[in-house]
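# Overview (structure and organization)
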Amino acid sequence: MLGVGKAHVLDRAHFPPEQQAQYDVFTAKCTRCHSMERPIAALVTGNTPLSNDPVNKRTLKVYVARMMRKAKSGIDKPGAKIIVNFMVYARALAIEP
């Protein structure tokens with residue numbers, strides 16, 4: 001992740017090729033309903049923006065399942081799995097020293 005505060009961005013080029021495809025799904029689906037600021041903030045802080053739950057695989061599954069139910073999201077089950085896996089991977093990068 002690059003930048004500070006609201007200027008945090010995820011740079012696709014910083015991910016390995018197998019993660020870049022997941023990045024593409026993540027950005028395409030997650031920006032249908034909100035800006036990237038919300039999921040990036042969760043990755044950076046380690047807490048979900050609304051409920052303040054910790055960002056981990058279990059809570060991400062719940063969160064993404066909730067997003068699937070939003071009509072505009074376009075997230076299906078395979079897409080949800082990709083998003084969760086990408087966010088778990090990106091969160092691990094965010095906490096590495």
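That block above? That's the structure.
Note that this is a predicted model, so its numbers are computed, not measured.

## Describing the packing of aromatic side chains
What the rule picks out here adds up to five aromatic pairs. Between the aromatic rings of F15 and Y23, the centroid separation amounts to 5.9 Å while the plane-to-plane angle is 35°, which identifies the pairing as tilted. Summarising the burial analysis for this pair, F15 and Y23 share the class buried. For the ring pair F15 and F86, a centre distance of 5.1 Å and an interplane angle of 55° mean the geometry is tilted. In this pair, F15 is assigned in the segment before helix 1 (17-30) and F86 in helix 4 (residues 77-95), connecting sequence segments 71 residues apart. Residue class for F15 comes out buried when judged on its relative accessible area of 7%. A relative accessible area of 0% places F86 in the buried class. Among the aromatic side chains, those forming a connected cluster through ring pairs are F15, Y23, F26, F86 and Y89.

## Looking at the packing of helix 3 (residues 57-68) against helix 4
Here helix 3 crosses helix 4 at 140°, and the two axes come no closer than 9 Å. Of the possible angle classes, the one that applies to helix 3 and helix 4 is oblique. Between helix 3 and helix 4 lies a crossing whose hand is right-handed. Facing helix 3, whose interface residues are K57, L60, K61, V64 and M68, helix 4 presents K77, A80, I83, V84, N85, M87 and V88.

The rules behind the values
Residues numbered from 1 in each chain as written. Predicted model: local features only at pLDDT ≥ 70, side-chain atom pairs only at ≥ 80, totals over all residues. Heavy atoms only, no water. Phe/Tyr/Trp six-rings, centres within 6.5 Å; stacked < 30°, edge-to-face > 60°. Buried < 20%, exposed > 50% of the residue type's maximum accessible area, 1.4 Å probe, protein only. Helix = DSSP H or I, 4+ residues; strand = E, 2+ residues; numbered from the N terminus. Axes fitted to C-alpha atoms, helices over the stretch in contact; angles between N-to-C directions. Parallel < 35°, antiparallel > 145°, perpendicular 65-115°, else oblique. Left-handed = near helix turned anticlockwise from the far one by under 90°. Contact = heavy atoms within 4.5 Å.

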